[in-house]
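# Descriptive analysis of the structure
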Amino acid sequence: MAGERFNVGELEVFHLRASRFRLDGGTMFGVVPRPLWERASPPDGRNRVELACNCLLVRQPGQLTLIDTGCGQDWTPREQEIFAFDPNHSLSLALASLGVRPEEINRVILTHLHFDHAGGATHNQGGHPVPLFPNAAHLVQRREWEDALDGVSIMKSSYRPECLLPLEQRGLLHLLDGDTRLDGAMSLFVTGGHTAGHQGVRIAGGGRTLVYPGELLPTAAHLRLHWNMAYDMFPYQTLLSKRAFLAQAQAGNWTLALNHDPHRRWSRLVERAGGLEAEEAEI
Ligand SMILES: [Zn+2]
């Protein structure tokens, strides 16, 4: 499938469009007035903007790593209507199109545990959520896990503890404390901002760097420093983290895989008169 694979040194990285759905545009752009954001992201008649859940699959010798899992498929008709899920996209379909079976995945990195990132880690079997990737270590920041289960977040309804606990019960949960180097090519960095334990993923090799910043930069429309989501627990920290991140990304000529961008798979940053913009990166 042309355009889906990005090589980083020895690693092959595949783009998986796990979901297409919609969320309220006002919430997606926080303090930004609608006349500004609607030009960048046109809303439908219910004020909802088009979004995707973009996940990555990283293939390296002896290891298949999945980064985020999208929304999953276990939705009531009412939830399907609210979020306008497109039934033509799912993580299972995307993996099947690459010939990958869920049992083959041995590592799942979760940026954080909101349903649109961790929902695809379990699926319904006989009325119970069970892990979809039974042979994978699921890597999550300890702080994120604790906040998700404690229900102290302003985004409490975005966490589904009943779908998270099976990961722990099956011994698949691997909690991390802060920035973590996984191997020579892959590392995790805590961003804060969206949630205290939110993390991004950096993949480097062969002179290239590919970064999955998670909710620090959900779509190309969020490149402006003040265009941040009302979903963020710590908005000012998002702004500071994003500013530092974008400076690094420009200096290092990084390619970005934006987790909710409905249009692009691989983005590179370009400086224009009106500010920083994203363009489709060469693969
Ligand atoms: Zn989130």
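To keep things clear, this report deals only with the structure shown in the data block.

Another aspect to go through is the pairing of strand 1 (residues 5-8). Burial along strand 1 is one-sided: Phe6 and Val8 are buried, and none of Arg5 and Asn7, which face the opposite way, are. Pairing of strand 1 with strand 2 (residues 11-24), which is carried by four bridges, proceeds in the antiparallel orientation. Each residue of the ladder has a partner; that of Arg5, found in strand 2, is Phe14. As consecutive antiparallel partners, strand 1 and strand 2 are separated by two residues, and within that stretch Gly9 has a phi angle of approximately 60°, a positive value.

Across the chain, the bulk of peptide bonds are trans and the bulk of non-glycine residues have phi less than zero. Positive phi outside glycine occurs at Asp68, with the angle close to 65°. Secondary-structure assignment places Asp68 in the loop between strand 4 (63-67) and helix 3 (77-83). Looking at Asp68, the number of C-beta atoms within 10 Å reads 26, which means it is buried. Phi is positive for Ala84, which is not a glycine, with a value near 50°. Mapping Ala84 onto the fold places it in the loop between helix 3 and helix 4 (91-97).

Judged from the four bridges that link them, strand 6 (residues 122-125) and strand 7 (residues 128-131) form a sheet pairing that is antiparallel. Pairing of His123 across the sheet is with Val130, part of strand 7. The antiparallel pairing of strand 6 with strand 7 creates a hairpin that spans two residues between the two strands, and Gly126 there sits at a positive phi of about 60°.

Moving on, we get to the environment of Val108. Structurally, Val108 is set in strand 5 (residues 107-109). Sequence spacing of Val108 and His174 is 66 residues, and the spatial spacing of their C-alpha atoms is 9.7 Å. In this structure Val108 touches Leu66, Thr69, Ala121, Phe133, Ala136, His138 and Leu139, once residues within four positions along its chain are discounted.

Attention now goes to the sheet that holds strand 5. Taken together, seven strands build an open sheet; the order of strands is 1-2-3-4-5-8-9 and the sheet is mixed. Of all strands in the sheet, those bounded by a partner on one side alone are strand 1 and strand 9 (173-176). The mean inter-strand angle of the sheet, taken between neighbouring strand axes irrespective of direction, is 25°. Sheet analysis places strand 8 (residues 137-141) next to strand 9, joined by four bridges and oriented parallel. If you follow His138 over to strand 9, its bridge partner there is Leu173. Across the sheet, helix 6 (residues 142-150) is in contact with strand 8 and strand 9; its angle to strand 8 comes to roughly 85°.

Rules and cut-offs
Residues numbered from 1 in each chain as written. Predicted model: local features only at pLDDT ≥ 70, side-chain atom pairs only at ≥ 80, totals over all residues. Buried ≥ 20, exposed ≤ 12 C-beta atoms within 10 Å, placed from the backbone. Helix = DSSP H or I, 4+ residues; strand = E, 2+ residues; numbered from the N terminus. Pairing = 2+ DSSP bridges. Contact = placed C-beta atoms within 7 Å. Axes fitted to C-alpha atoms, helices over the stretch in contact; angles between N-to-C directions.

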